[in-house]
Amino acid sequence: MRKFLRPIIVVLLFRVNWRKLFVIGTILTVFRVIFQISTLPNPLTEWVVSPPLDVSSYQHLNHGKNSRELSVTSDNQLKMSRHLPTVVSLQSTATTNRSMRVLERRERLLRRRRHRKHARSVQKIIYPPPPVVPDHLQRFIASLTPNEALAYAKSEIEKAPLLTNDTDLYAPLFRNISIFKRSYELMELLLKVYIYKEGERPIFHEPHLMGIYSSEGWFMKLMEENRYFVTRDPEKAHLFYLPYSARQLQLALYVPNSHNLKPLSVFLRDYVNMLAAKYPFWNRTHGTDHFLVACHDWGPYILKEHEELIRNTIKALCNADISEGIFKAGKDVSLPETAIRNVEKPLRNLGGKRVSQRPILAFFAGNMHGPVRPKLLQYWSDRDEDMRIYGPLPNRVSRIMSYPEHMKSSKYCLCPMGFEVNSPRIVEAIYYECVPVIIADNLALPFDEVLDWSAFSVVVAEKDIPKLKEILSSISLRRYLVMQNNVKKLQKHFHWNSIPTRYDLFHMILHSIWTSRLNQLQISQIS
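No experiment lies behind these values; they were computed from the predicted model shown. (Residues numbered from 1 in each chain as written. Predicted model: local features only at pLDDT ≥ 70, side-chain atom pairs only at ≥ 80, totals over all residues. Heavy atoms only, no water.)

Bringing the confidence of the model for the chain into the picture now. For the chain, the mean per-residue pLDDT works out to 86, and 80% of the residues sit at or above 70. Contacts for the low-pLDDT stretch residues 45–90, under 50 throughout, to residues beyond four places or in other chains number 67 contacts. (pLDDT = per-residue confidence, 0-100. Contact = heavy atoms within 4.5 Å.)

It is worth spelling out the packing of helix 9 (residues 246–253) against helix 10 (residues 262–278) at this point. Between helix 9 and helix 10, the least distance of the axes is 10 Å, while the angle of their chain directions is 120 degrees. The angle between helix 9 and helix 10 places the two elements in the oblique class. Handedness of the crossing formed by helix 9 with helix 10: right-handed. For the pair helix 9 and helix 10, the contacting residues are L249, Q250 and L253 in the first and P263, L264, F267 and L268 in the second. Broken down by class, the residue content of the contact of helix 9 with helix 10 amounts to six nonpolar, one polar and no charged. (Axes fitted to C-alpha atoms, helices over the stretch in contact; angles between N-to-C directions. Helix = DSSP H or I, 4+ residues; strand = E, 2+ residues; numbered from the N terminus. Parallel < 35°, antiparallel > 145°, perpendicular 65-115°, else oblique. Left-handed = near helix turned anticlockwise from the far one by under 90°. Nonpolar A, V, L, I, M, F, W, Y, C, P; charged D, E, K, R; others polar.)

Moving on, we come to the pairing of strand 8 (residues 314–317). Burial along strand 8 is two-sided: the face carrying I314 and A316 and the face carrying K315 and L317 are both buried. As judged from the two bridges shared by strand 8 and strand 9 (residues 333–334), these two strands associate in the parallel manner. Pairing of L317 across the sheet is with S334, part of strand 9. (Buried < 20%, exposed > 50% of the residue type's maximum accessible area, 1.4 Å probe, protein only. Pairing = 2+ DSSP bridges.)

So, about the state of the cysteines. Inspection of the entire model under this criterion finds two disulfides. Here the cysteine-cysteine linkages of the chain are recorded as 1-2, 3-4, numbering only bonded cysteines and doing so in sequence order. C413 supplies the cysteine sulfur nearest to C415, a cysteine that is in no disulfide, at a spacing of 6.7 Å. Its relative accessible area of 3% is what places C415 among the buried residues. (Disulfide = S-S within 2.5 Å.)

This part takes up unusual backbone geometry. Note the cis peptide between R201 and P202, where omega equals 5 degrees. If you trace the backbone, P202 turns up in the loop between strand 5 (193–195) and helix 8 (214–225). Unlike most non-glycine residues, D382 shows phi in positive territory, near 55 degrees. Within the secondary structure, D382 is located in the loop between helix 13 (372–380) and strand 11 (387–389). With relative accessibility at 69%, the residue D382 sits in the exposed group. The phi torsion at Y503 lies on the positive side, around 70 degrees, for a residue other than glycine. Y503 gets classed as buried once you look at its relative accessible area, which sits at 1%.

Across the interface, helix 7 (residues 177–190) lies against helix 19 (residues 505–519) with an axial gap of 10 Å and an inter-helix angle of 90 degrees. Taken together, the axes of helix 7 and helix 19 lie roughly perpendicular to each other. Facing helix 7, whose interface residues are F180, S183, Y184, L186, M187 and L190, helix 19 presents H507, M508, L510, H511, W514 and T515. When grouped by side-chain class, the residues that make up the contact of helix 7 with helix 19 number eight nonpolar, four polar and no charged.

Right, let's get into the pattern of salt bridges. In this structure the tally under the stated criterion is 22 salt bridges. For K159, the salt bridge identified is with E156, shortest N-O distance 3.5 Å. Given the relative accessible area of 57%, K159 is considered exposed. Note on E156: relative accessible area 17%, which makes it buried. As a salt-bridge pair, E188 and R502 come within 2.7 Å of each other at their nearest N and O atoms. (Salt bridge = Lys/Arg side-chain N within 4 Å of Asp/Glu carboxyl O.)

Let us now look at the sheet that holds strand 8. Read across the sheet, five strands follow the order 5-6-7-8-9 without closing on themselves; strand pairing throughout is parallel. The sheet is open, and its two borders are formed by strand 5 and strand 9, each paired with just one other strand.

Glancing now at the pairing of strand 7 (residues 290–294). In terms of burial, strand 7 is largely enclosed, as five of its five residues are buried. Here strand 7 shows two buried faces, one formed by H290, L292 and A294 and the other by F291 and V293. In the sheet, strand 6 (residues 239–241) pairs with strand 7 via two bridges, with the strands oriented parallel. Each bridged residue has a counterpart across the sheet, and for F240 the counterpart in strand 7 is H290. Of the strand pairs in this sheet, strand 7 and strand 8 are connected by four bridges, and their pairing is parallel. Following the sheet pairing, A294 is matched in strand 8 by L317.

This part covers a positive patch on the surface. On the surface, R101, R105, R108 and R112 cluster together into a patch of positive charge. As for its position among the elements, R101 is in helix 4 (residues 93–123). Taking the relative accessible area as the measure of exposure, R101 reaches 42% and is therefore partly exposed. (Patch = residues over 30% accessible without salt bridge, like charges linked within 9 Å, V, L, I, M, F, W, Y side chains within 5 Å. Areas by Shrake-Rupley, 256 points an atom, 1.4 Å probe, with all protein chains shown as cover. Lys, Arg positive; Asp, Glu negative; His and termini not counted. Charge placed at Lys NZ, Arg CZ, Asp CG, Glu CD.)

For the rest of this paragraph, the subject is the packing of aromatic side chains. All told, the structure shown has 26 aromatic pairs when counted by the stated rule. Each ring, one from F204 and one from F267, has its centre 5.9 Å from the other, and the planes form 35 degrees; the classification is tilted. With a gap of 63 residues between them, F204 in the loop between strand 5 and helix 8 and F267 in helix 10 connect regions that are remote in the sequence. Given a relative accessible area of 2%, F204 falls into the buried group. On the accessibility criterion, F267 (29% relative accessible area) is partly exposed. (Phe/Tyr/Trp six-rings, centres within 6.5 Å; stacked < 30°, edge-to-face > 60°.)

Pasting the structure below:
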């Protein structure tokens, strides 16, 4: 091995001219570089100064079977194709940035569309499932007539077990949470409502969903969409719904400034007479198992032309005035008046500020109609910094703080009656977590049969308006904190949900109607 290596080493060290070899290598390298540059698709200077690559999906070059293409899909993602080559265009920085911004905007729009589509698909399946009922109980219930089922429910409610802890209900809000819970469960288990198909739009079957009369429209909408409580077989029904809108009736038939409600009353009278002639259900009970829902102020007054309609029917009315002899406490239902401003988002702008951020003791702003509001303004307008009492909210004030912000910044929100006893401010105060102060002597409070209004509101007699600050100031901070916390817990019972949830406003109204129907049962029907 050494004999072979020795001559090779001698040749490399002493016989090779390394200087000439280096020069030749350098010349060959330079020629190679020049040749490579001459074959580039673009000038060398463009490669040096150009910005990041912009991938184009609009130009193709065919270079054999293994060539590929980068294209932009509808989801703004790069997709590799095995049929066409990658094409790289070197553009200016401004062009590239504009392209990237366009892609980002498209991606945001696509995400929003996917989110809306997902939300709609979720809404279709979130309706609360029916209660699980054992087979033997289902068979027993199926064997009962409607009156027997009501009698069974009433006897079961009277034997309601004591409820000590419930995650869905807050006990301090209720007169008797055990009774309410059992009654609600039996409503879910038993209640069936038949909706008359008769009646043409817009007076019938066309809910009015905006403004201060929207409660009747939202109930109609959710009742007619419901597939759990509604039955198509009137023989199985415990209740019959008259699906008209008092607001739509007023818009369709009332002659402005005529002060004549008789055409509206005659229209309803003729409608009920038509139902009584066509079906046996009205005459069977003289209307006691029928109900209507009306939030317009004229709701009680347009019933006067039909004696059984005004005397026997269960009336869910916003104008729940016990002094006029039309609304009967214990039989009729006080309907909460809600002012809906956005149909797509009825619960928009909910919530309020912390107690420490509510410097105003009491707040009211509104039109000066009816006997109570002028009296309120007379005693408290511009009299006390703690009492922010206005007519319509002045521009100088609203520029600094809006109406909702006033409610969210106040400890107590005054809810005086107007021409009629009802006011949307009661529900507004609950939405803004402000303790409502109700000033309407003859108002039957909503859900009073189950809710303890003293736990989350203050009721002030109209004659005590001069002592209003004294009454509110006498409430201790501890007591106020309890009431304000109760208002927060109460909110869900006054929510309109596009898809109804348990214990929300739709179900609370329906439960009040259910309770009224149970109260009509005679002792003989129970035994």
